[in-house]
Amino acid sequence: MPKKAKPAGTGKEEGPAPSKQLKVGAAGGPSTLNFDSPSGFFESLISPIKAETFFKEFWEQKPLLIQRDDPAPATYYQSLFKLSDLKGLCSRGVYYGRDVNVCRCVNGKKKVLNKDGKAHFLQLRKDFDQKRATIQFHQPQRFKDELWRIQEKLECYFGSLVGSNVYITPAGSQGLPPHFDDVEVFVLQLEGEKHWRLYPPTVPLAREYSVEAEGRIGRPAHEFTLKPGDLLYFPRGTIHQADTPPGLAHSTHLTISTYQNSSWGDLLLDTISGLVFDAAAEDVALRAGIPRRLLLQVETTAEAARRLSGFLRTLADRLEGTSKLLSSDMKKDFVANRLPPYHAGDGAALSTPGGQLPRLDSIVRLQFKDHIVLTVMPDQGGSDETQEKMVYIYHSLKNRRDTHMMGHEETEAHGLRFPLSHVDALKQIWSSSAISVKDLKLTTDEEKENLALSLWTECLIQVV
């Protein structure tokens, strides 16, 4: 079994005795989760396991099973998404393929039963009842406010995109064959029961999705049944399959996923182009031409390997110990594609600056800090000849919730750009709880006021 925990109050963990269940007290009100801060939210999600323990013992290493025998989290989980919710969602306009898949695992293979065009509740229910098909609803946070609230907090906590899918499976059926994913997975059991089997990864921390033949994966390393209020975590690469036990009601579970393409290898690929750009501006050796006909060779020559190795060591020396802000497309892509801050009402605070206009003698502070990134990049508005570095501020305040994690949808990066000379002043604002405009590290008072006004107009700072 994946690691379980003792009932809340002991603060200790124990081995995989299947009879032990986890007791979690409600946090008050209809939700058992703490939304006061991203870290507080995650702690409440995996309670009573501590975040420090989770990342030390489980994250990217092994599964964690938290079984709860408590009506409070069970009731809250059930409120997140129910089979009956599909009727109202279909009336808002959902489509096969884009929003919903209908499928069943037949002889170890996924059989897709989608129709064309718009999905209708009666047809979905017919396939569910008569064909024993699983209904997979894509990215329900686009429609469900509480899931938006949950996933927005998790994106702040992880600093990575967080997607989700709902799986509704009738009794005695299975939707998907054994497979592994390229994401870290958190499963919340919402309705009914789901029988899970987990197998050791053939590709630890996998970078892509893959179906595995059941004859190749052997016996499960962990086998258990989730009930409403239970939570399961497993790392990317973990082979898994799940079915609804026969003779019981249908099962609904929510899969929350994160950390796709967020490895050290991804960061290295993202960072190295900026390092080379900066180094080549200072080192003539990097600007020297490669040997004639090098690109026509079928093997890497010894001389080319030697030169490239030397350049990589030079780049490593430049990077070692630096605190310089590095160029990062990963930052931009994350902020451009993530959820906007959760809000009730029309969200005017995200688009209309409020409060007092900042002046030179104003005290200002950053707001929506977890939704903003700072990076340096070549001037995207300049000519190809100049390629001057600029500092960019990207934010998610104007992002569209309805396109979140829908890869085929075009996304726009929102933000501001400033001369590289403004980077220290921007870092001051980032690192201070509050700061006087006149204390910003810029040459003139006019530059200080203009910077503050630009950030205020974009709703990124407020006067205190």
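All chains use their own residue numbering, which begins from 1 and follows the written sequence. Two thresholds apply to this predicted model, a pLDDT of at least 70 for residue-level local features and 80 or more for giving and counting side-chain atom pairs, whereas whole-chain, interface and lining totals are computed over all residues. As a rule here, side-chain values come from all non-hydrogen atoms in the structure, and water together with hydrogens is ignored.

Asker: Outline unusual backbone geometry, supporting the account with residue identities and numerical values.
Answerer: For the peptide bond that leads from serine 47 to proline 48, omega is 10°, which places it in the cis range. Numbering of helices and strands runs from the N terminus, with a helix taken as a DSSP run of H or I at least four residues long and a strand as a DSSP run of E at least two residues long. Relative to the elements of secondary structure, proline 48 occurs in the loop between α1 (38–45) and α2 (51–57). The phi dihedral of phenylalanine 368 falls on the positive side, at around 60°, and the residue is not glycine. By the element assignment, phenylalanine 368 lies in the loop between β17 (363–366) and β18 (372–378). Phenylalanine 368 gets classed as partly exposed once you look at its relative accessible area, which sits at 25%. Note on exposure labels: buried denotes an accessible area under 20% of the residue type's maximum, exposed denotes more than 50%, and partly exposed covers the range between, all computed with a 1.4 Å probe on protein chains only.

Asker: Go over the state of the cysteines, please, and point to the residues and values.
Answerer: Disulfide: a covalent bond formed between the sulfur atoms of two cysteine residues. When the sulfur atoms of two cysteines come within 2.5 Å, that pair is taken as a disulfide. In total, this model carries zero disulfides according to the counting rule given. Free of any disulfide, cysteine 156 has its nearest neighbouring cysteine sulfur in cysteine 459, separated by 17 Å.

Asker: Tell me what's going on with the packing of aromatic side chains, and back it up with residues and numbers.
Answerer: By convention, a stacked pair of Phe, Tyr or Trp rings (six-membered ring in the case of Trp) has centres within 6.5 Å and planes under 30 degrees apart, an edge-to-face pair has planes over 60 apart, and any other such pair is tilted. What the rule picks out here adds up to 26 aromatic pairs. Between tryptophan 59 and tyrosine 259, the ring centres sit 5.1 Å apart and the planes meet at 90°, which makes this aromatic pair edge-to-face. Pair noted here: tryptophan 59 is in the loop between α2 and β3 (64–66) and tyrosine 259 is in the loop between β16 (251–258) and α8 (264–282), with a separation of 200 residues, a long-range link. Take tryptophan 59: its relative accessible area is 10%, and that puts it in the buried class. Here the aromatic rings of tryptophan 196 and phenylalanine 234 are separated by 6.1 Å at their centres, their planes lie at 55°, and the arrangement is tilted. One end of the pair, tryptophan 196, is in strand β11 (residues 194–199); the other, phenylalanine 234, is in strand β14 (residues 231–234), and 38 residues separate them in sequence. The same class applies to tryptophan 196 and to phenylalanine 234, which are both buried. Criterion for a charge above a ring: Lys NZ or Arg CZ within 6 Å of the ring centre, and within 35 degrees of the ring normal. Over the ring of phenylalanine 81 we find lysine 144; its NZ or CZ atom is 5.6 Å from the centre of that ring. Positioned over the ring face of phenylalanine 35 is arginine 149, at 3.6 Å from the centre of the ring.

Asker: Lay out the packing of α8 against helix α10 (residues 302–319) in plain terms, naming residues and giving numbers.
Answerer: When two helices pack together, their arrangement is captured by the angle between the axes and the distance separating the axes. Angles run from 0 to 180 degrees between N-to-C directions of axes, and those axes are lines fitted to C-alpha atoms, restricted for helices to the stretch in contact. Between α8 and α10, the shortest axis-to-axis distance is 10 Å and the interhelical angle comes to 95°. The angle between α8 and α10 falls in the class roughly perpendicular. Along its contact with α8, which presents Ile272, Leu275, Val276, Asp278, Ala279 and Glu282, the element α10 presents Leu312, Leu315, Arg318 and Leu319. Following the grouping adopted for this structure description, the nonpolar residues are Ala, Val, Leu, Ile, Met, Phe, Trp, Tyr, Cys and Pro, the charged ones are Asp, Glu, Lys and Arg, and the polar ones are all others, Gly among them. Considering only residue class, the contact of α8 with α10 consists of seven nonpolar, no polar and three charged. Any angle that is under 35 degrees is reported as roughly parallel, and any over 145 degrees as roughly antiparallel; angles of 65 to 115 degrees are reported as roughly perpendicular and all others as oblique. Note on contacts: a residue pair qualifies if any of its non-hydrogen atoms lie within 4.5 Å across the two residues.

Asker: Give me the pairing of strand β5 (residues 109–112): which residues, what numbers.
Answerer: A pair of strands counts as paired when DSSP detects no fewer than two bridges linking them. Pairing of strand β4 (residues 100–106) with β5 involves four bridges; the strand directions are antiparallel. Looking across to β5, one finds that arginine 104 is bridged to lysine 111. Linking β4 to β5, which pair antiparallel, is a turn of two residues; within it asparagine 107 sits at a positive phi near 55°.

Asker: Pulling in residues and values, what's your account of the pattern of salt bridges?
Answerer: A pair is scored as a salt bridge if a Lys or Arg side-chain nitrogen falls within 4 Å of a carboxyl oxygen belonging to Asp or Glu. Counting across every chain of the model gives 24 salt bridges. For glutamate 155, the salt bridge goes to arginine 338, with nearest N and O atoms at 3.6 Å. Of this pair, glutamate 155 sits in helix α6 (residues 145–158) while arginine 338 sits in the loop between α11 (329–337) and β17, and the two are 183 residues apart along the sequence. Summarising the burial analysis for this pair, glutamate 155 and arginine 338 share the class buried. Of the charged contacts in the structure, one is a salt bridge between aspartate 402 and arginine 400, with a shortest N-O distance of 2.8 Å.

Asker: Requested: an account of α10, with residues and values cited.
Answerer: An α-helical turn contains 3.6 residues, so any two residues separated by three or four positions project in the same direction. With 18 residues, α10 extends 26 Å between its outermost C-alpha atoms, agreeing within 8% with the 26 Å of an ideal straight helix rising 1.5 Å per residue. The complete set of buried residues in α10 reads Ala304, Phe311 and Leu315. The buried residues of α10 occupy one face: seen down the axis, they fall within an arc of 45°. With respect to the buried face of α10, the exposed residues turned more than 90 degrees away are Ala302, Arg313 and Asp317. Residues of α10 that are buried sit in contact with α8 and α9 (284–287). Positive phi shows up at glycine 321, right after α10, with a value of about 80°. Given the number of residues in a helix, its expected span is that number minus one, multiplied by 1.5 Å. Directions from the helix axis toward the C-beta atoms define the arc.

Asker: Can you explain the sheet that holds strand β10 (residues 184–191)? Please cite residues and give values.
Answerer: The strand order across the open sheet built from eight strands is β3-β14-β10-β16-β7-β6-β4-β5, with neighbouring strands paired in antiparallel fashion. With one partner strand each, in any of the chains shown, β3 and β5 form the two edges of the open sheet. Averaged over all pairs of adjacent strands, the angle between their axes in this sheet comes to 25°, without regard to strand direction. When strand β6 (residues 134–138) meets strand β7 (residues 162–169), the two strands line up antiparallel, connected through four bridges. Looking across to β7, one finds that glutamine 136 is bridged to tyrosine 167.

Asker: Go over the environment of glutamine 136 with me, naming the residues and quoting the values.
Answerer: Checked against the element boundaries, glutamine 136 lands in strand β6. Between the C-alpha atom of glutamine 136 and that of leucine 190, which follows or precedes it by 54 residues, the distance is 14 Å. In this structure glutamine 136 touches Asp99, Val100, Asn101, Lys110, Asn165, Val166 and Tyr167, once residues within four positions along its chain are discounted.

Just geometry here; none of it tells us what the structure is for.
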